[in-house]
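Fold and contact review
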Amino acid sequence: DQQVKQNSPSLSVQEGRISILNCDYTNSMFDYFLWYKKYPAEGPTFLISISSIKDKNEDGRFTVFLNKSAKHLSLHIVPSQPGDSAVYFCAASAGGNFGNEKLTFGTGTRLTIIP
Amino acid sequence: DAGVIQSPRHEVTEMGQEVTLRCKPISGHNSLFWYRQTMMRGLELLIYFNNNVPIDDSGMPEDRFSAKMPNASFSTLKIQPSEPRDSAVYFCASSSATGTGYTFGSGTRLTVV
């Protein structure tokens, strides 16, 4: 039972354009959401997060949107750069923004930025 | 800080052999997580520890898998006996109560032939 779903295994975007990565979840107990970025042969690294009390969080070129009623979140990257080419994982927690809580991850989306 | 350190980086073993993966968390982090990455299921949580105590091992696939955390600076994940379907990348991550998210190690790529 995949509680966090990333239905697009891959996405290609032209450099300079907007990249939009999507994530859906089924567990209504999830109240904190994170995006991780992973390069080949490295571990995932934290990118951006959002609490369920917000619907948007922005950090530089990265913005995460949360639609609780639809149980959907998205990551926007604008403008996209070649260094953004990586696998992006969506993750969710039911314990709020507490670092000790377990995270449930999606299957990932491979983003390729075309120069 | 050197980050979360995992060893070995790569492991190739024959079916039926015992495999031990090792992890050193970041000093001061009191939670440690073992994840497995596969194409089909993404990152699956196997087990996690808080203050060296196992909290949730419901993701451990079978009795062939076991994990220990004898102290705050070391954890092992053991597979005995190993099978080809255990082939995956295994990640260890650590965190603190005040942090946001985890810090992952670079992973161990396990191949069972």
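Residues numbered from 1 in each chain as written. Chains lettered and ligands numbered in written order. Predicted model: local features only at pLDDT ≥ 70, side-chain atom pairs only at ≥ 80, totals over all residues. Heavy atoms only, no water.

1. Description of the sheet that holds strand β6 (residues 56–59) of chain A
Residue and element names in this part refer to chain A. If you trace the five strands from one edge of the open sheet to the other, you get β1-β3-β8-β7-β6, paired in antiparallel fashion. Strand pairing shows two members of the sheet lacking a second neighbour, β1 (4–5) and β6, which therefore form its edges. Examined bridge by bridge, β1 and strand β3 (residues 19–25) share two bridges and lie antiparallel to one another. Bridge pairing in β3 links V4 to Y25. (Pairing = 2+ DSSP bridges. Helix = DSSP H or I, 4+ residues; strand = E, 2+ residues; numbered from the N terminus.)

2. Points about the interface of chain B and chain A
It is common to report an interface's size as the accessible area lost on association of the parts. Taken residue by residue, the interface counts 25 residues in chain B and 22 residues in chain A. Note on chain B versus chain A: buried area summed over both sides is about 1800 Å², and carbon and sulfur give 51% of it. Taken together, chain B and chain A are joined by one salt bridge. A salt bridge links D56(B) to K102(A); the shortest N-O distance between them is 2.7 Å. The tally of links between chain B and chain A comes to six residue pairs in polar contact (both at pLDDT 80 or more). Going through the elements one at a time, β4 (31–38), β5 (42–50) and β9 (88–95) of chain B are the ones with two or more residues in the side of chain B that touches chain A. Take the side of chain B that touches chain A: its biggest share by element is five residues, from β5(B). Partitioned by chemical class, the residues of the side of chain B that touches chain A number 10 nonpolar, 12 polar and three charged. (Contact = heavy atoms within 4.5 Å. Buried area = accessible area lost by both parts, 1.4 Å probe. Salt bridge = Lys/Arg side-chain N within 4 Å of Asp/Glu carboxyl O. Polar contact = N/O pair within 3.5 Å; in protein donor to acceptor, adjacent residues only side chain to side chain. Nonpolar A, V, L, I, M, F, W, Y, C, P; charged D, E, K, R; others polar.)

3. Thoughts on the side chain of N50(B)
Within the secondary structure, N50(B) is located in strand β5. Here S31(B) takes part through its side chain, which lies 2.4 Å from a polar atom of the side chain of N50(B). Aside from chain neighbours lying at most four places away, what touches N50(B) is N100(A), N30(B), S31(B) and I55(B).

4. Quick notes on the sheet that holds strand β7 (residues 65–71) of chain B
All names here are of chain B. Within the open sheet, the four strands sit side by side as β1-β3-β8-β7. Their pairing is antiparallel. Looking along the sheet, the strands with just one partner apiece sit at the ends: β1 (5–7) and β7. Each adjacent strand pair in this sheet contributes to an overall mean axis angle of 15°, direction not counted. Taken together, the five bridges between β7 and strand β8 (residues 74–79) define a ladder with antiparallel strand orientation. Paired with F65 across the strands is I79, a residue of β8. (Axes fitted to C-alpha atoms, helices over the stretch in contact; angles between N-to-C directions.)

5. Considerations on the environment of A93(B)
Residue and element names in this part refer to chain B. Within the fold, A93 resides in strand β9. Using a relative accessible area of 0% as the deciding quantity, one classes A93 as buried. Residues A93 and P25, 68 residues apart in the sequence, show an inter-C-alpha distance of 7.0 Å. Once you skip the residues sitting within four places of it in the chain, A93 turns out to touch S31, L32, F33, Y102, T103 and F104. (Buried < 20%, exposed > 50% of the residue type's maximum accessible area, 1.4 Å probe, protein only.)

6. A few points about the layout of surface pockets
As a volume, the largest pocket reaches approximately 580 Å³. Lining the largest pocket are 28 residues, with K38(A), V87(A), R110(A), Q37(B) and M39(B) sitting closest to its centre. Of all the secondary structure elements, the ones that give two or more residues to the lining of the largest pocket are β9 (86–93) and β11 (109–114) of chain A together with β4, β9 and β11 (108–112) of chain B. When its residues are assigned to classes, the lining of the largest pocket shows 11 nonpolar, 12 polar and five charged. Taken together, 22 residues make up the lining of the second largest pocket; nearest its centre are D1(A), Q3(A), K102(A), T104(A) and L45(B). Elements with a contribution of two residues or more to the lining of the second largest pocket: β9 and β10 (104–105) of chain A together with β5 of chain B. The element contributing the most residues to the lining of the second largest pocket is β5(B), with three residues. Residue classes in the lining of the second largest pocket are distributed as eight nonpolar, eight polar and six charged. (1 Å grid on protein atoms, 1.4 Å probe; cavity = no way out; pocket = protein on both sides within 12 Å on 5 of 7 lines; lining within 4 Å. Points joined across faces, edges and corners; volume = space filled by probe spheres on them.)

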